[in-house]
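# Secondary and tertiary structure notes
The lines below spell out each chain.
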Amino acid sequence: SMINDNLEQQAVALFKSWFVDFSLFGGTVPENWEDTTLENITTLITRGIAPKYSDNSDQTVVNEKWLKFGDLLINSTGDGTLGRVAQVWFAPKALTVDSHVTIVRPAREELIFYIGLWGILHEKEIESLHTGSTGQTELPRDRVKMLKLLLPDDSSLSRFNSIIAPMTSTIISNQEENQKLANLRDTLLPKLMSGVIDVANVQL
């Protein structure tokens, strides 16, 4: 929805202001922030599950590949959408992704929104890491691991999170509301069309 896009854009703008332009910190990187790599601040950087097409195949999925709140998902195969990034801002139940997608799991809760918004802001840079020729492009996991970024101090992170967390929960509740309305529409419309619900006597 437009509201959600707008909220996400605000969150990205806030990230850029704090962590790219350092506007709260006199325009320079605070001394207690560290240079790091994505691998250092995550517990998992892995491709999703390769699809199994046979019915009798083993359906057990490696537990780590069930998505969690805060996982950053990077489209890692093919042209056009390679490098596209999204973050899981809801609590998924028994959900995973296929092997076209790299799952990047923040090492601790305080890093979730920082890593997610960093990823969304750096899609172009992430995309440029691909290997292979047109049509056969891949984003190798090792290149994702070595992505360089800053690690802010804990108090800056928690100040940032206190602003971003309410924005993401608004996004989630808007999505749930949209889903409810869509479900309502999908259940009501066929009934109206088939005359199961008689609207002739409804007072408008």
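Quick look at the structure, then. Because the structure is predicted, anything quoted here is derived from the model rather than measured.

### Points about the sheet that holds strand S3 (residues 72–75)
- A sheet is described by the order of its strands in space; here four strands give the open sequence S2-S5-S3-S4, paired in antiparallel fashion. At either end of the open sheet lies a strand with only one pairing partner, and these are strand S2 (42–47) and strand S4 (85–87). Taken over all neighbouring pairs, the strand axes of this sheet differ in orientation by 15° on average, direction set aside.
- Two strands pair when backbone bridges link them, and S3 and S4 are joined in this way by three bridges, in the antiparallel orientation. Within S4, the residue paired with leucine 72 across the bridge is glutamine 87.
- Where helix H2 (residues 112–121) meets the sheet, its contacts fall on S2, S3, S4 and strand S5 (101–106), and the angle it forms with S4 comes to roughly 160°.

### Things to note about the environment of tryptophan 66
- Relative to the helices and strands, tryptophan 66 is located in the loop between S2 and S3.
- Residue tryptophan 66 is classed as partly exposed on the basis of its relative accessible area, which comes to 30%.
- The sequence separation of tryptophan 66 and isoleucine 49 amounts to 17 residues, and the corresponding C-alpha distance is 9.5 Å.

### Some points on helix H5 (residues 154–193)
- The end-to-end C-alpha distance of H5 is 57 Å, a good match for the 58 Å that 40 residues give at a rise of 1.5 Å each.
- Where H5 bends most, the angle comes to about 30°, and this point is serine 162, followed within four residues by the proline proline 166.
- Taken residue by residue, H5 has Ser156, Leu157, Phe160, Asn161, Ile164, Met167, Thr168, Ile171, Ile172 and Ala182 as its buried positions.
- Buried-residue contacts for H5 involve helix H1 (2–19) and H2.

Definitions and cut-offs
Residues numbered from 1 in each chain as written. Predicted model: local features only at pLDDT ≥ 70, side-chain atom pairs only at ≥ 80, totals over all residues. Heavy atoms only, no water. Pairing = 2+ DSSP bridges. Helix = DSSP H or I, 4+ residues; strand = E, 2+ residues; numbered from the N terminus. Axes fitted to C-alpha atoms, helices over the stretch in contact; angles between N-to-C directions. Contact = heavy atoms within 4.5 Å. Buried < 20%, exposed > 50% of the residue type's maximum accessible area, 1.4 Å probe, protein only. Expected span 1.5 Å × (residues − 1). Bend = angle between axes of the 7 residues up to and from the residue.

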